[in-house]
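If you want the building blocks of each chain, they are given just below.
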Amino acid sequence: QVLSQLAPGGSPDDMTSASGPSGRPRAPAFSRASSGASVLRRAVLLLPALGAAGLTSSQVAALYGKGQSCVQWAKAGLNCPPEVDASGIHICPASDVACPTLQDPTTAHLTQRGFAVSTWPRLTRAASQTVQLTCGAGVSDPYANVGCSTSSRAYLAIACVDSVFNGVNLAVAGQSTSAAALTGGTNNKFNIVLNTAGLSAGLHRICLDLDGFATKVKYGDVGLTLDLI
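Below you will find a few notes about this structure. (Residues numbered from 1 in each chain as written. Predicted model: local features only at pLDDT ≥ 70, side-chain atom pairs only at ≥ 80, totals over all residues. Heavy atoms only, no water.)

1. As for the pairing of strand 6 (residues 189-194)
As a general feature of sheets, a regular strand has side chains that alternate between the two faces.
Line of reasoning, step 1. Residue alternation in strand 6 divides its side chains into a buried set, Phe190, Ile192 and Leu194, and an unburied set, Lys189, Asn191 and Val193.
Line of reasoning, step 2. Where strand 2 (residues 129-135) lies against strand 6, six bridges are found, and the strand directions are antiparallel. Paired with Leu133 across the two strands is Phe190, which belongs to strand 6.
Line of reasoning, step 3. Sheet topology places strand 5 (residues 183-184) next to strand 6; two bridges connect them, and they run antiparallel. Note on strand 6: the bridge partner recorded for Thr183 is Asn191.
Line of reasoning, step 4. What sits between strand 5 and strand 6 in their antiparallel hairpin is a turn of four residues, with Gly185 showing a positive phi close to 120 degrees. (Buried < 20%, exposed > 50% of the residue type's maximum accessible area, 1.4 Å probe, protein only. Helix = DSSP H or I, 4+ residues; strand = E, 2+ residues; numbered from the N terminus. Pairing = 2+ DSSP bridges.)

Encoded structure:
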């Protein structure tokens, strides 16, 4: 019934039979318990028609608002029309170990432009906690011409102190751990073993000094956090 109000070449703004604001039809709301089964039946009837109509991305945005996805279609057990998700989106099969292929953990360092940190298993506030940090192959300080290595040092903190060049950081209760050297390095994946017993629960920053005890590079925030429990 709603689609019958859309004349050839028209837009969703031309629809006048719906109850939404400005004459626009409301998107199916599966989470509204008060709507009952009638709303779900109406949505199931409406969604295939919309998919068959070949709506443009602007028309989908007018119907559903910005930031919508295929969730409501999946809940109805229907195929999502291509106009809902952005073009070029890649749906990963459940059988994939890593998807897309370039995000395979063993080769991620070759394409990523910065750092990545493993967030599972979660760190606890105890001694000998291991932070797993992967450095992109292109990470390098232009002044010292160094990247991540076993000479680099790092610590966890509420906030990084960016005025320290010598790789040293002493633990401050509730604020930071002592610094430790990076170990490992296979596929640019490093381990940092830290004593987090003196920290509080919550988010903490990863602070890294690429040249360690050398004094050309200072500690900096790598832009990643870990949530201690």
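We are not done yet, so read on.
2. Brief notes about the sheet that holds strand 3 (residues 153-157)
Line of reasoning, step 1. Spatially, four strands are ordered 4-3-7-8 in an open sheet, and the strand pairing comes out antiparallel. Since the sheet does not close on itself, it has two edges, and those belong to strand 4 (180-181) and strand 8 (220-228), each with one partner.
Line of reasoning, step 2. Pairing of strand 7 (residues 202-209) with strand 8, which is carried by six bridges, proceeds in the antiparallel orientation. In the strand pairing of strand 8, Arg205 is matched with Thr225.

3. Observations concerning a nonpolar patch on the surface
Line of reasoning, step 1. A surface patch of nonpolar side chains, amounting to about 330 Å² of accessible area, comprises Val168, Leu170 and Phe213.
Line of reasoning, step 2. Relative to the helices and strands, Phe213 is located in the loop between strand 7 and strand 8. (Patch = residues over 30% accessible without salt bridge, like charges linked within 9 Å, V, L, I, M, F, W, Y side chains within 5 Å. Areas by Shrake-Rupley, 256 points an atom, 1.4 Å probe, with all protein chains shown as cover. Salt bridge = Lys/Arg side-chain N within 4 Å of Asp/Glu carboxyl O.)

4. Focus on the side chain of Asp141
Line of reasoning, step 1. Mapped onto the elements of the fold, Asp141 is located in the loop between strand 2 and strand 3.
Line of reasoning, step 2. Only 3.0 Å separates the side chain of Asp141 from the backbone nitrogen of Tyr143, close enough to count as a polar contact.
Line of reasoning, step 3. Polar side-chain contacts of Asp141 include one of 2.7 Å to the backbone nitrogen of Ala144.
Line of reasoning, step 4. Those residues in contact with Asp141 that sit more than four places away from it in its chain are Val146, Leu210 and Val217. (Polar contact = N/O pair within 3.5 Å; in protein donor to acceptor, adjacent residues only side chain to side chain. Contact = heavy atoms within 4.5 Å.)

5. Observations concerning the sheet that holds strand 2
Line of reasoning, step 1. Read across the sheet, four strands follow the order 1-2-6-5 without closing on themselves; strand pairing throughout is antiparallel. Only two strands of the sheet have a single neighbouring strand rather than two, namely strand 1 (115-117) and strand 5.

6. Considerations on the packing of aromatic side chains
Line of reasoning, step 1. The full count for this structure, using the stated rule, is one aromatic pair.
Line of reasoning, step 2. When the centroid spacing of 4.8 Å and the interplanar angle of 75 degrees are considered together, the rings of Tyr155 and Tyr219 count as edge-to-face. With Tyr155 in strand 3 and Tyr219 in the loop between strand 7 and strand 8, the pair connects residues that are 64 residues apart, well separated along the chain.
Line of reasoning, step 3. The class of Tyr219 is buried, set by a relative accessible area of 1%. (Phe/Tyr/Trp six-rings, centres within 6.5 Å; stacked < 30°, edge-to-face > 60°.)

7. Here we look at the pairing of strand 7
Line of reasoning, step 1. Most of strand 7 is tucked away, with six of its eight residues classed as buried.
Line of reasoning, step 2. Bridge count for strand 3 against strand 7 is five bridges, and the pairing is antiparallel. Each residue of the ladder has a partner; that of Ala154, found in strand 7, is Leu208.

8. Some words on the pattern of salt bridges
Line of reasoning, step 1. Taken as a whole and judged by the stated rule, the model has two salt bridges.
Line of reasoning, step 2. One salt bridge in this structure joins Asp227 and Arg122, with 3.1 Å as the shortest N-O distance. Here Asp227 is found in strand 8, whereas its partner Arg122 is found in the loop between strand 1 and strand 2, with 105 residues between them in sequence.
Line of reasoning, step 3. Here Arg205 and Asp221 are joined by a salt bridge, their closest N and O atoms 2.8 Å apart. One end of the pair, Arg205, is in strand 7; the other, Asp221, is in strand 8, with 16 residues separating them in the sequence.
Line of reasoning, step 4. Judged by its relative accessible area of 39%, Asp221 is partly exposed.

9. Considerations on unusual backbone geometry
Line of reasoning, step 1. Pro121 follows Trp120 through a cis peptide bond whose omega is 0 degrees.
Line of reasoning, step 2. One can find Pro121 in the loop between strand 1 and strand 2.
Line of reasoning, step 3. Even without glycine at this site, Asn145 takes up a positive phi of about 55 degrees.
Line of reasoning, step 4. Mapped onto the secondary structure, Asn145 falls in the loop between strand 2 and strand 3.
Line of reasoning, step 5. Under the relative-accessibility criterion, Asn145 is labelled exposed at 64%.
Line of reasoning, step 6. In this model, Asn188 sits at a positive phi of 60 degrees, which is unusual for a non-glycine residue.
Line of reasoning, step 7. Mapped onto the fold, Asn188 is located in the loop between strand 5 and strand 6.

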